[in-house]
Amino acid sequence: MTTTDTTTDDELAMIVGPNLMADVLTDETWTLPPEADKPEPGDSWRPVDLSDIVARIRNGTITTPKPRYGLRTDGPPVMLYPGKYHALNGESEGGKTWLALKVCDEAARTGARVAWVDAEDNGETFCLRWQALGGDLDMLTDGTVSYIRPIDGTNVARWKDIVSAADVVFLDTINALMGNDGRDPTKIEHFSEWFNFVGRTAIDAGAAVLALDHVPKVNNSRQDRSGFGTVAKLNVIDGAAFMLEAVVTPAQGVKGHSTLRITKDRPGAIRRHAIGGRLAEIRFTPGESVYGLDFGAVDVSIEPPENNTDEHGKFRPTTYMAKASKALDENGAPMSKTAWREATGGSTKYVGDAIDRLIEEGYARYTDAPTRGGGRLIEHIKTYTNET
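What you are looking at is a predicted structure, and each value in this text was computed from that prediction instead of being measured.

Rules behind the numbers
Residues numbered from 1 in each chain as written. Predicted model: local features only at pLDDT ≥ 70, side-chain atom pairs only at ≥ 80, totals over all residues. Heavy atoms only, no water. Bend = angle between axes of the 7 residues up to and from the residue. Helix = DSSP H or I, 4+ residues; strand = E, 2+ residues; numbered from the N terminus. Buried < 20%, exposed > 50% of the residue type's maximum accessible area, 1.4 Å probe, protein only. Contact = heavy atoms within 4.5 Å. Salt bridge = Lys/Arg side-chain N within 4 Å of Asp/Glu carboxyl O. Pairing = 2+ DSSP bridges. Phe/Tyr/Trp six-rings, centres within 6.5 Å; stacked < 30°, edge-to-face > 60°. Axes fitted to C-alpha atoms, helices over the stretch in contact; angles between N-to-C directions. Parallel < 35°, antiparallel > 145°, perpendicular 65-115°, else oblique. Left-handed = near helix turned anticlockwise from the far one by under 90°. Nonpolar A, V, L, I, M, F, W, Y, C, P; charged D, E, K, R; others polar. Lys, Arg positive; Asp, Glu negative; His and termini not counted. Polar contact = N/O pair within 3.5 Å; in protein donor to acceptor, adjacent residues only side chain to side chain. Core = buried A, V, L, I, M, F, W, Y, C linked by side-chain atoms within 4.5 Å. Patch = residues over 30% accessible without salt bridge, like charges linked within 9 Å, V, L, I, M, F, W, Y side chains within 5 Å. Areas by Shrake-Rupley, 256 points an atom, 1.4 Å probe, with all protein chains shown as cover.

Enquirer: Give a description of helix 7 (residues 188-204) that names residues and reports values.
Expert: In the structure, helix 7 departs most strongly from a straight axis at Phe195, where the bend amounts to approximately 40 degrees. Looking only at helix 7, the buried set comprises Phe191, Trp194, Phe195, Phe197, Val198, Gly199, Thr201, Ala202 and Ile203. Residues of helix 7 that are buried make contact with strand 3 (85-90), helix 5 (156-164), strand 6 (168-172), helix 6 (174-180), strand 7 (208-214) and helix 8 (232-235). One or two positions beyond helix 7, positive phi appears at Gly206, with a value near 100 degrees.

Enquirer: Describe the pattern of salt bridges, and please don't skip the residues or the numbers.
Expert: If you walk through the whole model with that rule in mind, you get 13 salt bridges. A salt bridge links Asp167 to Arg113; the nearest nitrogen and oxygen atoms lie 3.4 Å apart. Of the two residues, Asp167 sits in the loop between helix 5 and strand 6 while Arg113 sits in the loop between helix 3 (96-109) and strand 4 (114-118), which places them 54 residues apart along the sequence. For Asp167, a relative accessible area of 26% corresponds to the partly exposed category. Here Asp213 makes a salt bridge to Lys233, at a shortest N to O gap of 2.8 Å. Of the two residues, Asp213 is situated in strand 7 and Lys233 in helix 8; the sequence distance between them amounts to 20 residues.

Enquirer: Kindly report on the pairing of strand 8 (residues 240-248), identifying the contributing residues and their values.
Expert: With 8 of 9 residues buried, strand 8 lies mostly within the body of the structure. Pairing between strand 3 and strand 8: 4 bridges, direction parallel. What sits directly across from Ala87, in strand 8, is Ala241. One ladder, built from 8 bridges, connects strand 8 with strand 9 (residues 256-265); its direction is antiparallel. From the neighbouring strand, Ala241 faces strand 9, where its bridge partner is Lys264.

Enquirer: So what about the packing of aromatic side chains? Which residues, and what values?
Expert: Applying the stated criterion across every chain yields a total of 8 aromatic pairs. Ring centres of Trp116 and Phe170 lie 5.0 Å apart, and the angle between their planes is 25 degrees; this geometry places the pair in the stacked category. One end of the pair, Trp116, is in strand 4; the other, Phe170, is in strand 6, and 54 residues separate them in sequence. Across the pair, Phe170 and Trp116 agree in class, each one buried. Ring centres of Phe191 and Phe195 lie 5.9 Å apart, and the angle between their planes is 20 degrees; this geometry places the pair in the stacked category. Of this pair, Phe191 and Phe195 are both found in helix 7, 4 residues apart, which corresponds to roughly one turn of the helix. The rings of Trp116, Phe126, Trp130, Tyr147 and Phe170 are connected pair by pair, giving a single aromatic cluster.

Enquirer: Lay out the packing of helix 3 against helix 4 (residues 123-132) in plain terms, naming residues and giving numbers.
Expert: The geometry of helix 3 relative to helix 4 is characterised by a closest axis approach of 10 Å and an angle of 70 degrees between their N-to-C directions. Accordingly, the angle class assigned to the pair helix 3 and helix 4 is roughly perpendicular. For helix 3 against helix 4, the interelement crossing comes out right-handed. Between helix 3, through Thr97, Trp98, Leu101, Cys104, Asp105 and Ala108, and helix 4, the contact on the second element is made entirely by Phe126, Arg129, Trp130 and Ala132. Among the residues forming the contact of helix 3 with helix 4, the class breakdown is 7 nonpolar, 1 polar and 2 charged.

Enquirer: Can you break down the packing of helix 10 (residues 337-344) against helix 11 (residues 348-360) residue by residue, with the values?
Expert: At a minimum axis separation of 10 Å, helix 10 and helix 11 run at an interaxial angle of 120 degrees. For the element pair helix 10 / helix 11, the angle class is oblique. As for the relative orientation of helix 10 and helix 11, their crossing is right-handed in sense. Here helix 10 contributes Lys337, Trp340, Arg341 and Thr344 to the contact with helix 11, which in turn contributes Thr348, Val351, Gly352, Ile355, Asp356, Leu358 and Ile359. Of the residues that constitute the contact of helix 10 with helix 11, the class distribution is 5 nonpolar, 3 polar and 3 charged.

Enquirer: Before we move on, could you go through the side chain of Asp265 and cite the residues and values that matter?
Expert: Within the fold, Asp265 resides in strand 9. This buried residue, Asp265, is left without a salt bridge; Arg271 holds the nearest opposite charge, at 5.3 Å. A polar atom in the side chain of Asp265 sits 3.2 Å from the backbone nitrogen of Ala269. Sequence-distant contacts of Asp265, defined by excluding residues within four places in its chain, comprise Tyr81, Gly239, Ala240, Ile270 and Arg271.

Enquirer: Can you explain the nonpolar core? Please cite residues and give values.
Expert: Ranked by internal contacts, the top residues of the largest apolar core, which has 44 residues, are Trp130, Val168, Phe170, Phe242, Leu260 and Ile282. Here this core takes 8 residues from helix 3, the largest share from any one element. Those residues within four positions of Phe242 in sequence are excluded, and the remaining contacts are Val78, Met79, His86, Ala87, Leu88, Asn89, Leu260, Arg261, Ile262, Thr263, Ile270 and Leu279. Counting residues in hydrophobic clusters, the runner-up holds 30 residues, among them Tyr85, Ala115, Phe195 and Ala211.

Enquirer: So what about a nonpolar patch on the surface? Which residues, and what values?
Expert: On the surface, a cluster of nonpolar side chains totalling about 430 Å² of accessible area is made up of Val48, Leu50, Ile53, Val54 and Ile57. Within the fold, Val54 resides in helix 2 (residues 51-58).

Structure, rendered in structure tokens:
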């Protein structure tokens, strides 16, 4: 869903949560940063004394940022930089929360203190998912992992206490949290106000922050890089931004697969682990039953990207090719390219590339039958699989 000047309150509330249009915030919640925390007008335009930073660079206490969290199965951490702000974007049911929980569990196991701010679900779901991943339940009660379930605006004092005691902070999701604060994620000034307090306070405290965000089902270049709302969401990221795209939607008892793309890497130490922007393949594998769970355990693995290239070094989206070939075959009749793309699902760009490849390599072909848009229908010739 995109927003325009005619977007209704009900449409916006579906995205950011029920509290967006609230007219009243309690005295304890945040509307703007307290006057005591705001610089005098013009103060921030004075030259900054860099002496301390320069001294720490010289003595080696400041070095080039390196990612610390989000270990891939082949070794390197590929997601979160300490003290930086990051975004994990993707459509619903692609596995964003599961992936974030995987990174959360990993961080906690290394001794990091973690804060999970949940504006979309509840503590019961969080604990059950933690258990399903194989997380240590004691960590949820011994102070290693702090779970926060806000239903109103940001409490200034408590937020500062939370981030000052955390090494890693997860925000699930950013639009719902902005809605709690009466802020509209489509407006630059609203996001800037919200980020300058909520996001900036966390990274200034030294925490690595991962903000989960939804994306609208539209095709334009910016929204292929960032979440729903203003472009300022992408601009403020001083760590990395990721797009998670479902290849096979994960479900209870069913294997799932999503592709993690790197869409921004300001420090530059993560992108070198990607192939054509593809940073990792996220596999969701059901495991044995776990006490208290009807659907059993879930293993989430962050694996290296598939290095599928042809003899000219051009990427072949083989997973999407198999998925698209199956969709055309199962339709049982020729389809327009648009209908075929929609039936396949997933990243518009990669599905489009997969369809072009299938036609180019003889797995499908154009017919003489016209589409209503002036194109031609495409028919199935033979099935492509990952083993082809």
